[in-house]
Amino acid sequence: MPNEAVHEISGQCLCGAVTVHARFASSIIRACHCEMCRRHTSSMFMSLATEPGSVSFDGPAKSYRSSDWAERGFCEICGSTLWYGTFEDGIRHPAAGLFENAADAPLKLEFFADNAQDGYALAGEHRKMTTQETLDLFAPKEE
């Protein structure tokens, strides 16, 4: 099987003070309906899958530790949501809306799908993980 071409993408927050650069070979959009994402974005958080370690942010980016395992990034000036990051692996998942047309990536996954608000539903055929499935994937394992 031939290697997929790696794409370099750039984006920015609403005011342009924070820029983001990333790489991906085959990206997807993921939507998260957890209570923290809903409060942080006022709906759901949609992230773009990128190559691990390829995401960089330049400018006045800040982060807020929102749980035992994650942080949420935002622009200090305009407040735009920038990323969801996990501490265990150090990966930052950039907000899809920072990139032109969300880098043309398709929606493929919803986290906490059983918490989606009654006022909307995402169209298309894609995986919808329940709260328990999502926690099993991300929450730190107890020893």
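Notes on the structure in this doc start here. Everything quoted here is computed from the prediction, not taken from an experiment.

Each regular strand carries side chains that alternate between the two faces of the sheet. Counting buried positions over the 6 residues of strand β8 (residues 81-86) gives 6, a clear majority of the element. The pairing of strand β7 (residues 70-75) with β8 spans 5 bridges and is classified as antiparallel. Note that in β8 the partner of G73 across the bridge is W83. In terms of strand pairing, β8 meets strand β9 (residues 91-94) through 4 bridges, oriented antiparallel. Counted as the bridge partner of G85 is R92 from β9. Counted between consecutive antiparallel strands, the loop separating β8 from β9 contains 4 residues, among which G90 sits at a positive phi close to 70°.

Turning our attention to the sheet that holds strand β11 (residues 127-128). Taken in spatial order, the 4 strands of this open sheet run β4-β3-β10-β11, and their pairing is mixed. In this open sheet, the two edge strands, each paired with only one partner strand, are β4 (45-48) and β11. In this structure, strand β10 (residues 107-111) lies alongside β11, joined through 2 bridges in parallel fashion. Counterpart to E110 in the pairing with β11 is K128.

Attention now goes to the packing of aromatic side chains. What the rule picks out here adds up to 1 aromatic pair. Ring geometry for F57 and W83: centres 4.7 Å apart, planes at 45°, overall tilted. Here F57, found in strand β5 (residues 56-58), pairs with W83, found in strand β8; they are 26 residues apart in sequence, far enough to count as distant. Classification of F57 as buried rests on a relative accessible area of 15%. Take W83: its relative accessible area is 2%, and that puts it in the buried class.

What follows deals with the pattern of salt bridges. For the coordinates displayed, the defined rule picks out 4 salt bridges. Here E71 makes a salt bridge to R92, at a shortest N to O gap of 3.3 Å. Of the two residues, E71 sits in strand β7 while R92 sits in strand β9, which places them 21 residues apart along the sequence. The class for E71 is buried, based on a relative accessible area of 11%. You can call R92 partly exposed: its relative accessible area is 34%. K128 is the partner of E110 in a salt bridge, and the nearest nitrogen-oxygen pair spans 3.9 Å. Of the two residues, E110 is situated in strand β10 and K128 in strand β11; the sequence distance between them amounts to 18 residues. Residue E110 is classed as buried on the basis of its relative accessible area of 3%. Judged by its relative accessible area of 45%, K128 is partly exposed.

Cut-off values and rules
Residues numbered from 1 in each chain as written. Predicted model: local features only at pLDDT ≥ 70, side-chain atom pairs only at ≥ 80, totals over all residues. Heavy atoms only, no water. Buried < 20%, exposed > 50% of the residue type's maximum accessible area, 1.4 Å probe, protein only. Helix = DSSP H or I, 4+ residues; strand = E, 2+ residues; numbered from the N terminus. Pairing = 2+ DSSP bridges. Phe/Tyr/Trp six-rings, centres within 6.5 Å; stacked < 30°, edge-to-face > 60°. Salt bridge = Lys/Arg side-chain N within 4 Å of Asp/Glu carboxyl O.

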